[in-house]
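These are the residues of each chain, in order.
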Protein chains: 2
Amino acid sequence: MTHDELTTALSEVRDNLERGILPFWLERGIDREFGGYLTCFDAEGCPGEDTDKYIVTQTRMIWGFSALYEEYPEERIRKAARQGYEFFVRHFWDPRHLGWHWKVRRDGTVLDDGKVVYGEGFAIYALATYARVFGDAEALSYAERTFDLLQIYCADTLRGGYFENLEPDWTLSAPGFAAGDRKSLDIHMHLMEAFTALAAATGKEIHRRKLEEVMGLILRHMVDHENGCGLNQFDIDFRPIPAINIRRTWNAERATGEVVATPTDTTSYGHNVELGWLLNRAADTLGWERTHFNGLIRKLDDHSLAYGFDHELGGVYRDGVHCGPALVFDKEWWQNCEVLIGYLDTYERTGEEKYFDAFLRTWRFDKAHFIDPATGEWRQLLRRDGTPLVADLGNPWKAIYHTGRAMLECKRRLERMR
Amino acid sequence: MTHDELTTALSEVRDNLERGILPFWLERGIDREFGGYLTCFDAEGCPGEDTDKYIVTQTRMIWGFSALYEEYPEERIRKAARQGYEFFVRHFWDPRHLGWHWKVRRDGTVLDDGKVVYGEGFAIYALATYARVFGDAEALSYAERTFDLLQIYCADTLRGGYFENLEPDWTLSAPGFAAGDRKSLDIHMHLMEAFTALAAATGKEIHRRKLEEVMGLILRHMVDHENGCGLNQFDIDFRPIPAINIRRTWNAERATGEVVATPTDTTSYGHNVELGWLLNRAADTLGWERTHFNGLIRKLDDHSLAYGFDHELGGVYRDGVHCGPALVFDKEWWQNCEVLIGYLDTYERTGEEKYFDAFLRTWRFDKAHFIDPATGEWRQLLRRDGTPLVADLGNPWKAIYHTGRAMLECKRRLERMR
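S.K.: Can you help me understand the relation of the copies chain B and chain A in this one?
M.R.: Two copies of one chain are present, and they are related through a rotation about an axis combined with an axial shift. Least-squares fitting of chain B to chain A yields an RMSD of 0.0 Å, with the superposition described by an axial translation of 0.0 Å and a rotation of 180°. The two molecules are tied by a two-fold rotation axis, judged by turn and shift. For chain B, the smallest separation between a C-alpha atom and the rotation axis is recorded for G160 of chain B, amounting to 2.2 Å. Both copies contact each other with a shared surface, as 100% of the interface residues of chain B are interface residues in chain A too.

S.K.: Whenever I open this one, the nonpolar core confuses me. Can you help?
M.R.: General note: in soluble globular proteins, nonpolar side chains tend to be found buried as a group. Core analysis: the largest hydrophobic core is formed by 272 residues, its most contacted members being F65, M192 and F359 of chain A together with F65, M192, F359 and L414 of chain B. Here L414 of chain B is in contact with L6, A9, L10, V13, L344, F356 and F359 of chain B, once residues within four sequence places are set aside.

S.K.: Would you take a moment to explain the interface of chain B and chain A for this structure?
M.R.: Between chain B and chain A, the residue contacts involve 26 residues of the former and 26 residues of the latter. Of the roughly 2,300 Å² buried between chain B and chain A on both sides combined, carbon and sulfur atoms contribute 53%. If you sort the residues of chain B by the area they bury against chain A, I152, T157 and L158 of chain B come out on top, with a joint share of 32%. Counting every contact that joins chain B to chain A gives 2 salt bridges. Here D237 of chain A and R220 of chain B are joined by a salt bridge, their closest N and O atoms 3.0 Å apart. In this structure, the connection of chain B to chain A is made through 14 residue pairs in polar contact (both at pLDDT 80 or more). If you list the elements that add at least two residues to the side of chain B that touches chain A, you get helix 5 (137–153) and helix 7 (205–222) of chain B. Among the elements that make up the side of chain B that touches chain A, the one with the highest residue count is helix 7 of chain B (8 residues).

S.K.: Explain the confidence of the model for chain A to me, please; I cannot follow it from the model alone.
M.R.: The predicted coordinates of low-pLDDT regions are not to be read in fine detail. Per-residue confidence for chain A gives a mean pLDDT of 96; residues scoring 70 or more make up 98%. Two summary scores accompany this predicted model of the complex, namely pTM at 0.96 and ipTM at 0.95.

S.K.: Would you explain the pattern of salt bridges in this entry?
M.R.: Note that side chains of opposite charge can pair when their charged atoms are close. Residues and elements named next belong to chain A. Counting across every chain of the model gives 93 salt bridges over all chains. Here E86 ties to R82 by a salt bridge, and the two come within 2.8 Å at their closest N and O atoms. Residue E86 and its partner R82 are located together in helix 3 (residues 75–92), separated by 4 residues, close to a single helical turn. Residue class for R82 comes out partly exposed when judged on its relative accessible area of 26%. Here K354 ties to D302 by a salt bridge, and the two come within 3.2 Å at their closest N and O atoms. Placement of the pair is K354 in helix 12 (residues 353–370) and D302 in helix 10 (residues 294–308), with a sequence separation of 52 residues. Its relative accessible area of 40% is what places K354 among the partly exposed residues.

S.K.: Would you mind going over the sheet that holds strand 10 (residues 240–241) of chain A with me for this structure?
M.R.: Sheets are built from strands that pair by backbone hydrogen bonding, the pairs being arranged parallel or antiparallel. Residues and elements named next belong to chain A. Pairing is antiparallel in the open sheet, where 3 strands are placed in the order 6-9-10. Edge positions in the sheet fall to strand 6 (182–184) and strand 10, since each of these pairs with one other strand and no more. Pairing geometry for strand 9 (residues 233–235) and strand 10, over 2 bridges, is antiparallel. Bridge pairing links F234 to P240 in strand 10. On top of the sheet, helix 6 (residues 185–202) reaches strand 6 and strand 9; it is set at about 55° to strand 6, its chief contact.

S.K.: Even after reading the chapter, I still don't get helix 13 (residues 401–417) of chain B, so can you show me in this structure?
M.R.: Taking 1.5 Å of rise per residue, 17 residues should cover 24 Å, and helix 13 of chain B covers 24 Å from first to last C-alpha, within 8% of that figure. When you tally the buried positions in helix 13 of chain B, you get 14 out of 17 residues, the bulk of the element.

S.K.: I would appreciate a short explanation of the sheet that holds strand 2 (residues 103–104) of chain A in the present structure.
M.R.: Residue and element names in this part refer to chain A. In spatial order, the strands read 1-2-3; together these 3 strands make up an open sheet with antiparallel pairing. The sheet is open, and its two borders are formed by strand 1 (53–54) and strand 3 (110–112), each paired with just one other strand. Summarising the sheet, strand 1 and strand 2 pair through 2 bridges and their orientation is antiparallel. Residue Y54 lies in a different strand from strand 2, and its bridge partner there is K103.

S.K.: It is not clear to me how unusual backbone geometry should be interpreted in this structure. Could you clarify?
M.R.: A negative phi angle characterises most non-glycine residues, just as the trans form characterises most peptide bonds. The backbone phi angle of A179 of chain A is positive, close to 60°, even though this residue is not glycine. Residue A399 of chain B is not a glycine yet carries a positive backbone phi of 60°. Turning to its location among the elements, A399 of chain B is positioned in the loop between strand 15 (388–390) and helix 13.

S.K.: Any chance you could explain the packing of helix 6 (residues 185–202) of chain B against helix 7 of chain B here in plain terms?
M.R.: For any two helices packed against each other, the geometry comes down to the angle between their axes and how far apart the axes lie. Residues and elements named next belong to chain B. At a minimum axis distance of 9 Å, the contact between helix 6 and helix 7 shows a crossing angle of 155°. The orientation of helix 6 relative to helix 7 falls into the category roughly antiparallel. Here the hand of the crossing between helix 6 and helix 7 comes out left-handed. Here L185, H188, M189, M192, F195, T196, L198, A199 and T202 of helix 6 lie close against helix 7, whose contacting residues are H207, R208, K210, L211, V214, M215, L217, I218 and M222.

Quick notes on the rules
- Residues numbered from 1 in each chain as written.
- Chains lettered and ligands numbered in written order.
- Predicted model: local features only at pLDDT ≥ 70, side-chain atom pairs only at ≥ 80, totals over all residues.
- Heavy atoms only, no water.
- Least-squares fit on C-alpha atoms with pLDDT ≥ 70 in both.
- Contact = heavy atoms within 4.5 Å.
- Core = buried A, V, L, I, M, F, W, Y, C linked by side-chain atoms within 4.5 Å.
- Buried < 20%, exposed > 50% of the residue type's maximum accessible area, 1.4 Å probe, protein only.
- Buried area = accessible area lost by both parts, 1.4 Å probe.
- Salt bridge = Lys/Arg side-chain N within 4 Å of Asp/Glu carboxyl O.
- Polar contact = N/O pair within 3.5 Å; in protein donor to acceptor, adjacent residues only side chain to side chain.
- Helix = DSSP H or I, 4+ residues; strand = E, 2+ residues; numbered from the N terminus.
- pLDDT = per-residue confidence, 0-100.
- Pairing = 2+ DSSP bridges.
- Axes fitted to C-alpha atoms, helices over the stretch in contact; angles between N-to-C directions.
- Expected span 1.5 Å × (residues − 1).
- Parallel < 35°, antiparallel > 145°, perpendicular 65-115°, else oblique.
- Left-handed = near helix turned anticlockwise from the far one by under 90°.

Encoded structure:
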């Protein structure tokens, strides 16, 4: 790492955040008619036709503006977070069964009141962060209530972990497509992320304890420690099983890019590196040694570098087998956001140059191909060489979360390294 | 089983319940000065000096009068339950941390506000039964809140099951004597009993689901299926470990009867047979086949008959090794109550005479030695031959629960068999 590389990257990252992502979502993302957020935008940044509001992206926007306010304490950012919080509490809260709906119409009319742990987890993430940043007691109370509901209705007290898919009244969903009988790394990892934010906001023993438990669960059941990668889906006893499409997930709702002819049990490079830095964030929050997970994060990052990294052009591919080369060479925005943070995080904790190098080569690819030069927000899906497959800048699952977070987390790390 | 044996036993059981246990507790057990219950009585039935009120026995009394009201819908029984319920809610509820205190003074002053799952479980058992029998919405709401608190603060979402010992603010207790790091069959069995009562009262999916989970946990981790007996204590990962004395348990507070020189991992015959019929009660509540557990209950009962039963004098001994003869030959009231129900229950479900015979021989011993002829309530602890070791009729852990329940459950079964 040279001083020039670092200062250039820092300046570019800041630029993308301050002149791209932040103004993009401040100008386009706020629904000035009904409140809350609009999240669908085409390749030119024009609003899409789908104006339904999903718990996942509404909360990701609340989280994003709250987290960014910490860095940029500007009134317009506070207001952007506030109005989204107010819309969310007014229209997503289920007063009958408690908890949060899955999807509402633009005006707030409920469309789907299913209880999905992925969504409830993001609600905790957003509300706890909003509460901590703005000192809002009501938001914290909602975050804690949501946490309590997960413990009451979703914990599996026989096998450990959480059931992930429930009906509107918190009864367990059916097996198969409704996936009442499945557990996954994805959802447990995002619960860890949510409980980290909650523990940081409250400092309470119960939130720290459940955070430790979900971390232990991921490490015990959901990581292939030999190959250094995450597994994907499991039966309720945590036996790994081939992944299927599941109701109320993005994979079930889209069909873009490369498809593998034969279903294979794959691992996601971006997800694995994201897991590494989220484990570190959790450990930092618990006050553990900063190097506690160094063995594991090296393994996760090295697996991605061995099999998922494009050593020619930079960036990571989408999916591959546990031990062996990638299967799907498309590049997706969120993976190429998360590895930026992960590689930098590992570089900070280990001091090994190869991780900074991986960050830098990913960043150069991202800058050249993912970032829309006109607006600064990122495209969704590219071919290996950078050709856009889906150039949309916003969809029902995207919003400010991965891009804004990556730039914010990288900015802070690069500033520390100066 | 002859007709005479059955009608004689039924008439004796009724007599013990209607002229012994019920009047004993109605006349002596109600604290007419402060409300709630007095539970300590010497061998003559005179009040003891210890008037502190424990969650375990206060709730056992509420449960007892509620359950007996179902059989005998008399106003004096309803009042006895009501005043105990009112005292309990007024003085045991912790308005700060929620949940129930462990111990209060006679007048209701809090002495120990530790949160013990054994006690919280009995609160659910009592409140759910009280609510169902008397149609009391407030009691049901308290029962459900207590259930929710157990899910939030006590469930172990990494390993399954429940942590059993917590501090007043629901933080986990220290390892060792405070036993924050132990799990036990005893407490999980009584949670099963409590969730059975709650599921019966509400019919809710979540209460049925958690009941099934705790049943599965007991069967998966806590029963030695080969030898047909229950294990005792476990580390938090359910590895069986030698039992120790634990804070806030009866074993830690008493020192009576035989002592085994070398600590050995033992099993309790009465507990095992009780487990059998409680599993059946849970299965009945869930609407499962009446014969679902016949294989298991035969094993549990046969283990007791092989090693724990006094084939000469009747009744069961206190403790023994998992595979081999008893170690402690004292006879304790509660074990010799529970096996009455268990043996009769197994006889009803299997039709095998040996279980009726075991019931009858236990009952004859109980009648001759446990039951105090003057009052009808049972003595606490006897030598094998029936000589009293502790002739007290009430102590801080006894109350109406085992004796009243045994007579009520046996009465109903014997009446069905007529």
